[in-house]
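A closer look at the structure
Spelled out, the chains give:
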Amino acid sequence: MQKGSKTNPLKRKIYIYRKQLFFWMKFSLVVLYLKVFLISVLYAENSKGQSLDMKLNIELSNSSIKESLNMLSKKTDVSISYRDDVIGGYTKKVSLSIQNKTARQVLNQILDRTDLVYHETGTYVFVTKKNQQNTLSGVVYDANDRSTLPGVSIRLKGYNTSVISDRDGRFQIQIPQGGGTLTFQYLGYLKQEVKFDRSNTAIQIFLKKTSTELSEVIVNTRKRVATEAALLEERRLSSTVQDGISAELIERTASITTTQALQRVTGVTVTDDKYVAVRGLGERSVIGQLNGVRLASSNPDRSAIPLDLVPASLLDNITVYKTATPDKPADAASAIIELKTKSIPDTITLEFIAQTGFNSNIGFGGKYNSFKNNDMGIGGQRINKKNLQDDFLALSQQYPNGLGSIQKLITDRNYSPEAWQEVERINGIMQRFDPIMTTQYDNARPNQIYSLTFGNNYKGFGNGKIGVILGGNYYKRYTDIREGALTQYSVYQGVVTGNPDVYSHRNIPNFITPNRLYMGRYQNYLENTGTETVNYGVLAGVAYRFNPRHELAFQYMGSWGGENKAVNMNGGYEYTGLPGTVNSYIYSLQQAYRTLDIFNFQGEHKFGAGEFAPRLSYNGATSTSGQNEPDYRFAGLAVYTPDAGGYYKRPYFYDGTTVMADTYSEHLYALTSGYVNGYGTYGIIQAEPNGRRWRDLKEKNYNYKADLSFPFQLFDGKQEFKTGVNYLFRDRTFNENHMFIPGSNFVGNKSIPLYDVQGDLDRLVGPEIIGIKPRTVQGEGAMPIGGFLYNSQKSPNNYKGYYETNAFYGMLDLHPSDKWRITGGVRFEMTNIGSRVDTANVFLDPGLTATSQDGKKIPMLLIEPNSLYRTGYKPFYSVNLTYHPKEKMNVRLAYNSTLARPELREITNVFEFDAFQMGLVIGNPDLKNQYTQNLDFRWEWFPNTGEVLAVSAFGKQIESQLIRVFNLKTDGLAATYPEFPTIQYQNDQNMGYVWGMEFELVKRLETWWPMLSGFSLGSNLMVAQSNIRKSDERYLANKSLDRHTPKNSPLFEQAPYSANVWFNYVNKKWGTDLTTTFNIVGERLVQINLTGEPDLYSRPVPMLDFVFTQKLYRRINLKGFVKNILDPAIKTVYANPGTGGLWYGNSYINRSYRRGMEVVFGLTYNLF
Amino acid sequence: MLNRNSIRLVFVALSLALLACKKDKLDNIQVNLIPKDIDLTPSAVRIIDLYGLNHVKANGDSLTNFSPPVTGEVFRFPATAYFPGDGRFGNHWWSENNIDGKVGAIWNIPKKLFKQDGSIDLEFYNLKLNGSIDEFAAYSIKNSDGPKDHYVSPFHTYAYGGNSYFVEVPRETSAPKEGHFKIRLLNLSAPVSTPAAAYGQLEDLTGPMTLTYADGSVVDAKTNTVPIGKASAYVEIPYGTYQFKALTQANKIVPGTSGNMNYRTIDPGTSSIAISRFEPSDVIYSSIQTFQPGGIYTIVITPMSFEYFRNELGYKYMLKQNAITVIADVDEPINTSLYRVQGFNAAPDKKIRFFANGKDIGSLISFNQSTPYSSFASSEQTFEIKDENGSVLDKLTYIARPNENYTLWSYPDPKGQIKIGLTVNNLSALMPITGIEADGTYGYTKNSFPTDFRFINLCPDVPYLSITADDGQPVGQKGNKAVYNLEPGSFTTTAPYIRAIFKQLMAYRSAPGVIPGTWAEDIPVIKGQDLIANKDLYQRVGKVLPPYETGIYTIALIGRTGPNVPDAQKARLIILKHNK
């Protein structure tokens, strides 16, 4: 072709214009951020009146108030107004000699010890008499230790007015002129009624505890620990090292999902918005519990807790237990994340929240990357409509010899009406699949969040009491990454696509030597990813207390959600060595529907009265979870445009036979696919990223446990012995279908269909190629020509499995003296994990199967479809020592041993290609449990309610650590097709170590400086060091390029530090609550490369959020947040650890994208 | 308290919401198509190049790539906008690598190429292997409102000294009547070069020509004896599958041309397909094809390229001989409405009439006779057979589909009741390839010169019939339902066609598990030459009878067996040829 230039000047202009437009749009957003900030600052400053803050010198000698005010007014430009009859009645004489103080301070001194107050409006100041007749304020204390009590419900008898004491126990309530009765109610305390009349302006209330035991008998749901102060109180009293976040802070940080809330907790890091690591130990070492019951995992590949399914607004708090006690599962090597659902309020509560917003990458009413026919319905349920239908699946039974027999049927269609009907039916089934493989921008609706919470308690039979809580939550969010950068660096260059037409032999450029460490760009992409997420959940809880000794509770939690994710990557190969460009276009269209249903039944019983009565608590839960991913489509198309055009082989029909002939094409196409070396019967496994996949995981989870405690008297105090059992059984089914698409290197006609559609991937899966070919001119009675048919056989990756763990324990909780507490014991746990891979009627590549004489396929046998791992009861020990040097101070020391088990998927002998990780995820039936020993030290001080100062140190020794290994057996320079790595879990042969420190400070700033009334500061910092010797294989791989590569490495996904800071301002008078939070996590090793390139590290990302609440009307609040204000680039780099993300002085960025700032605002309405 | 501050905050929030601008995002669409910025809207003028000029310039501008032909295994030519396939106009040379058999081209001149004055200056080239010009022709033609063809052929070169390559022929584009197509004969035959006598004398195939069907019967008076250099008028013929032939005045059959290497290798003396240097097959090639309803065709006779064996080792030389080529004068329409049906009477003692939805299919026919084809609009049909008194003997309903071809059979069941049966015929010569899995797009072959058979059993006295080839040789794989254990009145519905050439076909009495069984000596053997419909076509010009005649056939066992069966009703294999 002589025609056609490569760059269109008009397109370039548009591109430049768009770039400029984006710049100004970004700029205008920056201006807007500034506006928000400045106005909120103004808003805080404005009413103070500039001039009252003016400094002045003033001399007053025995002046009346009126004289003094006049003098002050003269000295400043402030007009001070007053009514003579109001200030005339005061006899106070003022004598002052003030140098360089503010007018405000002077005014305060003038009005000191009078009941006069001033109000400011602009530059006017009005002096009036205090009007306190309608307000009563006070503080609630614990009668025992005189500590203030937050969260006490205060009700005005006979009126529908109630308030709750704040974190300092303070409250203010509007009262009628004629006086009345206030009721004070707080869980675990005796209800108290106080009469008052108009002479009362401030009162102090002392509440008495009902009994010392009762607070321990309370079922979790009933314990109100929704405030930070309450959570800290619980933490202070606990025997273990724990951290957490309360509903109060969840709300203040505007966390929608549980993972977002968790990011605020000391030592917690969250990956991909989904996976949680505590103190650097990954998802495996962290288990999730909901009200004491283990959460099921809904991810087929990762042992992750589906935390993002649990709406944060239904939570009362999240507690992270960092040291273990024998009554808790021993397989939480680093932490147990305990989610406590909302408690039953003491008074009727009905709250409604509606919020809306947008992501700045999208803008208001902007666009996000998606695809046609993406409608998931309001609740995501339409995603299930894309499930494989029964008639399609039945084809694999009807035609057990595969598609060949259907093709034969098609060519015989004409000869009988039955065949005709059947062929039409099959054709309809084949052409029914969505003919979409590419992404497309779609209009985003605004993000939406709705939440409704209701709670109350009612009188039951006799003395019984019933508490009810109902919550509902719905959110829909859109995010979009636009033109993120994705670069694969390599020492190798060349083009390998699996298709010989788009190929350039692999080579290492001669400028790369061990003396000149350098890597070249292999493939370079711009990434566009859009997601649409819908999640909704309900929570229903009923608790029935027969009497203070017996209580039963039941909770149901359901959570459902859908997600659409569309990824488009445009780019190409950089140094091809070919005369022309090789572009690459990658599309991924993914929809997922997830469900979680948890039924939880609890009972708490105390047998007999008195302090030493034994207690029983038990818990039975079943849960089902599911993750359905229908029609996940992936295509990676390489397009080679040779400068002078190219040629490919195409079949030509000529008279009597068919011949492959060289055919000209301006572009040469390949759907990139390759092999994984070293596995399978033939030592090689096909890896076809392209295709349509259906994956469905279902898991049932049964968890029963019972704890029995026997208090007894010893050392003049109450001691306790506790024992219990735990039974957990998980039952999982995983089904997968993988359908190749036309153009695949593993399908008979290979890339030819791509030429038929000129590289248009949508047409590739349209009726032009799929199903029976439309008739062009053919002879009379010609048989139909069967085009591409989808294969309906299951993939070889279907499995069923179970996971059983039983445990029993005994422990002592001793208080040898007032200052000491020691908790410890032993827990025995067993493991029984098994799985079976389904080898019947699965799809096997015709190229790799033998066909018997009667046309049947002889299957390729898996080496071993069954996996089993069993251990007997093994002991795990824990000791927690707590010393109280002062009443509000703890010093803790803890030791425990824990285990981590392989996940079901990890031991199951399946080989599944994961297009996102670009590797073959393989099972390892030889996996065994990981064993960890932990040592913890913590000093913590709770100077005031809601304040904490803590310093911790921890160390872990990890034996047989379960690590994710990327392995690649490569032909190196001789490779002619893409070689994909395997991703497999292995037990590290070397011992791993982590040690580190944590610092935490939560402080109300007014205790330091009264001017900062309303401000508080919270911060935590974790610093850790981890170390493991690289395996020989890993070391040699690194060394092949870098002869100075270190022999040791940090642990996988272990961050050297993480820091959180939040800054909160509350102004009760204005009904304002402003919070700014900042979070940063240090670099983490995220991928171990065995290909010679350095490992991949994620770079620290500073996250700055701003959250505000403004009371608009009595029951209506305006709420909103701006998250990720800095919107930094999120980067993954090829690097050596601790080098600031560099490798020998150069920066090699693997991936870089911006998530966008998220802006949300809305209203909350409290009915009571 | 809706104070000023909260209003301000609401304002800020709203302004933030409204001002945060919409991101303008464009889809990333790959542009992979060859630029179509050239207006290729065709004019009514076509160049029909039967000579094989491979490059063209229009008004001095190259439209083709002007790459010389390359020898060797790889033939790669860059495409051009005007010729997006391979950037060449025609193709003048034959070789083993020229697998598509492409000679010449039909080129609809784009409207835009005509100059303001309505003319176009064309230059045609043949390039040598070294890129130098081998042949050159310049020609200026006028645009025309009516459809017009310019035939480029060796006609003038050989016949009249080569002043011009071009013959201007107007063509028709108006549709024929429903269910018919138009066809005419264009005689551009010319004297051709003669190979050395040692290789045999070339037949003289020049002079006025007559268009005939496969059996040599004339098509129409209008297409008889068409003089050299002239085109006949178009005649309208019912659509269907035909093997047209052209006969010289001496009744010699003019061969056809094909890209198929075997078919284009002829014996110079007989113009039949050559088997070796010394062995003609006596089978003269001419294509069998479906002429679509609404189609318009020209059969042109002009010297075309052939090959002949130069020695015993199979080396070949080229020669030119007059040959017939079928040119579509309009784009071939796709038949979406009509089907064809015929009747065959296999009821030994009955005269039968066949009906489709009450309409006659042919007339009353006796035993062992077939009706001609009738075409009807496709829909659900009730096919009936009636005896000569008009009483319905049997009927069946069937959804008749467009482009299909059916044969209705009347035959006796074991009780002597007359039944109706239906077979679906495949006249397309498309044959599936075995071993196709996911993608069947290229899972077939097609042939312009097929000899396809299907076998049916309509004799109630032979419960299982198996057919064998020469001397009892098996046909196809074990258990092939097309030839083994054929049951009376039940027709094979999976792969019923056998493509093979037999000297003879024999009937066997078999049984499930016993194949081929016992030869049925009472049933006469069919010989290959029994397929020749009109032996006189060869014999009258003194030619050797070919061993068989190409076509699409049904071989049916009809009649009765047994001692009391009269000779006329005795069981026999009959040959029903479906193409004409």
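The structure displayed is predicted, hence computed values, not measured ones.

Criteria and thresholds
Residues numbered from 1 in each chain as written. Chains lettered and ligands numbered in written order. Predicted model: local features only at pLDDT ≥ 70, side-chain atom pairs only at ≥ 80, totals over all residues. Heavy atoms only, no water. Helix = DSSP H or I, 4+ residues; strand = E, 2+ residues; numbered from the N terminus. Buried < 20%, exposed > 50% of the residue type's maximum accessible area, 1.4 Å probe, protein only. Contact = heavy atoms within 4.5 Å. Areas by Shrake-Rupley, 256 points an atom, 1.4 Å probe, with all protein chains shown as cover. Pairing = 2+ DSSP bridges. Axes fitted to C-alpha atoms, helices over the stretch in contact; angles between N-to-C directions. Parallel < 35°, antiparallel > 145°, perpendicular 65-115°, else oblique. Left-handed = near helix turned anticlockwise from the far one by under 90°. Nonpolar A, V, L, I, M, F, W, Y, C, P; charged D, E, K, R; others polar. Arc of directions from axis to C-beta. Patch = residues over 30% accessible without salt bridge, like charges linked within 9 Å, V, L, I, M, F, W, Y side chains within 5 Å. Salt bridge = Lys/Arg side-chain N within 4 Å of Asp/Glu carboxyl O. Phe/Tyr/Trp six-rings, centres within 6.5 Å; stacked < 30°, edge-to-face > 60°. Lys NZ or Arg CZ within 6 Å of the ring centre and 35° of its normal. Core = buried A, V, L, I, M, F, W, Y, C linked by side-chain atoms within 4.5 Å.

Examining the overall build of chain B
- A tally of helices and strands in chain B yields 3 helices and 37 strands.
- A burial count over chain B gives 56% of its 580 residues as buried.
- Within chain B, contacts between residues separated by at least 24 positions form 65% of all contacts whose residues are at least 6 apart in sequence.
- Carbon and sulfur atoms make up 51% of the accessible area of chain B, which totals about 23,800 Å².

Here we look at the overall build of chain A
- Within chain A, the secondary structure is distributed over 15 helices and 61 strands.
- For chain A, the proportion of its 1168 residues judged to be buried stands at 60%.
- Contacts in chain A between residues far apart in sequence, at least 24 positions, make up 72% of those at least 6 positions apart.
- A total accessible area of about 46,500 Å² is found for chain A, and carbon and sulfur atoms account for 56% of it.

Describing helix H6 (residues 228–237) of chain A
- Burial analysis of H6(A) places 8 of its 10 residues in the buried class, the great majority of the element.
- Here H6(A) has its buried residues at Glu228(A), Ala229(A), Ala230(A), Leu231(A), Leu232(A), Glu234(A), Arg235(A) and Arg236(A).

Points about the sheet that holds strand S14 (residues 245–248) of chain B
All names here are of chain B.
- One open sheet accounts for 3 strands, arranged S10-S14-S15; its pairing is antiparallel. Each of the sheet's edge strands pairs with one partner strand only, and the pair in question is strand S10 (209–212) and strand S15 (253–254).
- Here 2 bridges tie S14 to S15, and the two strands are oriented antiparallel to one another. By the bridge assignment, Leu 247 is partnered in S15 with Ile 253.

A closer look at the packing of helix H9 (residues 390–398) of chain A against helix H11 (residues 417–431) of chain A
Residue and element names in this part refer to chain A.
- Running from N to C, H9 and H11 cross one another at 125°; their axes reach a closest spacing of 10 Å. As the angle between them shows, H9 and H11 are arranged oblique. The interaxial crossing formed by H9 with H11 has left-handed handedness. Packed against H9, whose contacting residues are Asp 391, Phe 392, Leu 395 and Gln 398, the element H11 presents Glu 422, Arg 425, Ile 426, Ile 429 and Met 430 at the interface.
- Along the lines of polarity and charge, the residues of the contact of H9 with H11 split into 5 nonpolar, 1 polar and 3 charged.

A look at helix H4 (residues 103–111) of chain A
Residues and elements named next belong to chain A.
- All buried positions along H4 are accounted for by Ala 103, Arg 104, Val 106, Leu 107, Ile 110 and Leu 111. Along H4, the residues classed as buried sweep out an arc of 160° about the axis, all on the same side.
- Looking one or two places after H4, you find Arg 113, whose phi comes out positive at around 60°.

A closer look at the environment of Val544(B)
All names here are of chain B.
- Within the fold, Val 544 resides in the loop between helix H3 (536–539) and strand S36 (551–558).
- Taking the C-alpha atoms as reference points, Val 544 and Pro 280, 264 residues apart in sequence, are found 9.8 Å from one another.
- Beyond its immediate sequence surroundings of up to four residues, Val 544 is in contact with Asp 282 and Tyr 538.

What about the environment of Thr248(B)?
All names here are of chain B.
- Checked against the element boundaries, Thr 248 lands in strand S14.
- A residue is classified by how much of its surface remains accessible, and Thr 248, at 4% relative accessible area, is buried.
- As for Thr 248 and Gly 207, which are separated by 41 residues in sequence, their C-alpha atoms are 6.6 Å apart.
- Leave out the neighbours within four places in its chain, and Thr 248 touches Leu 205, Thr 206, Pro 208, Met 209 and Val 254.

Let's talk about the sheet that holds strand S17 (residues 293–294) of chain A
Residues and elements named next belong to chain A.
- In spatial order, the strands read S13-S18-S19-S16-S17; together these 5 strands make up an open sheet with mixed pairing. Strand pairing shows two members of the sheet lacking a second neighbour, strand S13 (242–246) and S17, which therefore form its edges.
- Across 5 bridges, the pairing between S13 and strand S18 (residues 315–321) is antiparallel. Bridging across to S18, Ile 245 finds its partner in Ile 318.
- Contacts between H6 and the sheet are confined to S13, S18 and strand S19 (335–341), with S13 contributing the most and set at about 165° to the helix.

Some points on a nonpolar patch on the surface
- A cluster of nonpolar side chains, Phe352(A), Tyr450(A), Leu452(A), Tyr1165(A) and Leu1167(A), forms an exposed patch at the surface whose accessible area comes to about 410 Å².
- Take Leu452(A): it is sitting in strand S23 (residues 447–459).

Re the pattern of salt bridges
- As enumerated under the stated definition, the model contains 58 salt bridges over all chains in all.
- Of the charged contacts, one joins Asp243(A) and Lys322(A) as a salt bridge, the two residues approaching to 2.7 Å between their closest N and O atoms. Note that Asp243(A) is positioned in strand S13 and Lys322(A) in the loop between S18 and S19, a separation of 79 residues in sequence. For the pair shown, Asp243(A) and Lys322(A) are each scored as buried.
- Residue Arg46(B) pairs with Asp329(B) through a salt bridge whose shortest N-O separation is 3.1 Å. Within this pair, whereas Arg46(B) is found in strand S1 (residues 42–49), its partner Asp329(B) is found in the loop between strand S18 (316–328) and strand S19 (338–345), the two being separated by 283 residues in sequence.
- Judged by its relative accessible area of 6%, Arg46(B) is buried.
- According to the relative accessible area criterion, Asp329(B) is buried, its value standing at 1%.
- Shared partners join several salt bridges into a network, and the residues in it are Asp243(A), Lys322(A), Arg892(A), Arg938(A), Glu940(A) and Glu998(A).

Concerning the packing of aromatic side chains
Residues and elements named next belong to chain B.
- All chains considered together, the criterion is met by 69 aromatic pairs over all chains.
- Ring centres of Tyr 339 and Phe 376 lie 6.0 Å apart, and the angle between their planes is 45°; this geometry places the pair in the tilted category. Of the two residues, Tyr 339 sits in strand S19 while Phe 376 sits in strand S23 (residues 374–377), which places them 37 residues apart along the sequence.
- Residue classification places Tyr 339 among the buried positions, given a relative accessible area of 0%.
- Using a relative accessible area of 10% as the deciding quantity, one classes Phe 376 as buried.
- In textbook terms, an aromatic cluster arises when at least three aromatic residues are bridged by ring pairs, as seen for Phe 83, Phe 89, Trp 107, Phe 124, Tyr 139 and Phe 166.
- It is Lys 386 that lies over the ring of Phe 355; its NZ or CZ is 4.1 Å from the centre.

Quick look at the nonpolar core
All names here are of chain A.
- By size, the foremost hydrophobic cluster in this structure holds 58 residues, and its most contacted members are Phe 392, Met 430, Val 502, Leu 671, Ile 741, Leu 761 and Tyr 790.
- When sequence neighbours within four positions are dropped, the list of residues in contact with Tyr 790 reads Phe 392, Leu 403, Met 430, Phe 433, Arg 692, Met 739, Phe 740, Ile 741, Val 765 and Ile 770.
- Judged by nonpolar contacts, the second largest core, of 32 residues, contains Ile 250, Ala 261, Leu 290 and Leu 295.

With respect to unusual backbone geometry
- A cis amide bond links Ile515(B) to the next residue, Pro516(B), at an omega of -5°.
- With respect to the helices and strands, Pro516(B) occurs in strand S34 (residues 514–519).
- For Asn100(A), which is not a glycine, the phi torsion comes out positive at approximately 55°.
- Mapped onto the elements, Asn100(A) comes out in strand S3 (residues 94–102).

Details of the pairing of strand S5 (residues 119–127) of chain B
Residue and element names in this part refer to chain B.
- Counting buried residues along S5, 7 of its 9 residues qualify, which places the element largely inside the surrounding structure.
- As paired elements, strand S2 (residues 55–58) and S5 share 4 bridges and run antiparallel to each other. Bridge pairing in S5 places Ala 58 opposite Leu 122.
- When S5 meets strand S6 (residues 133–142), the two strands line up antiparallel, connected through 9 bridges.

Observations concerning the packing of helix H2 (residues 65–75) of chain A against H4(A)
All names here are of chain A.
- Look at H2 against H4: their axes get within 10 Å of each other, and the N-to-C directions meet at 175°. When the axis of H2 is compared with that of H4, the two are roughly antiparallel. Between H2 and H4, the contacting residues are Ile 65, Ser 68, Leu 69 and Leu 72 on the first element and Ala 103, Val 106, Leu 107 and Ile 110 on the second.
- For the contact of H2 with H4, a count of residues per class yields 7 nonpolar, 1 polar and no charged.

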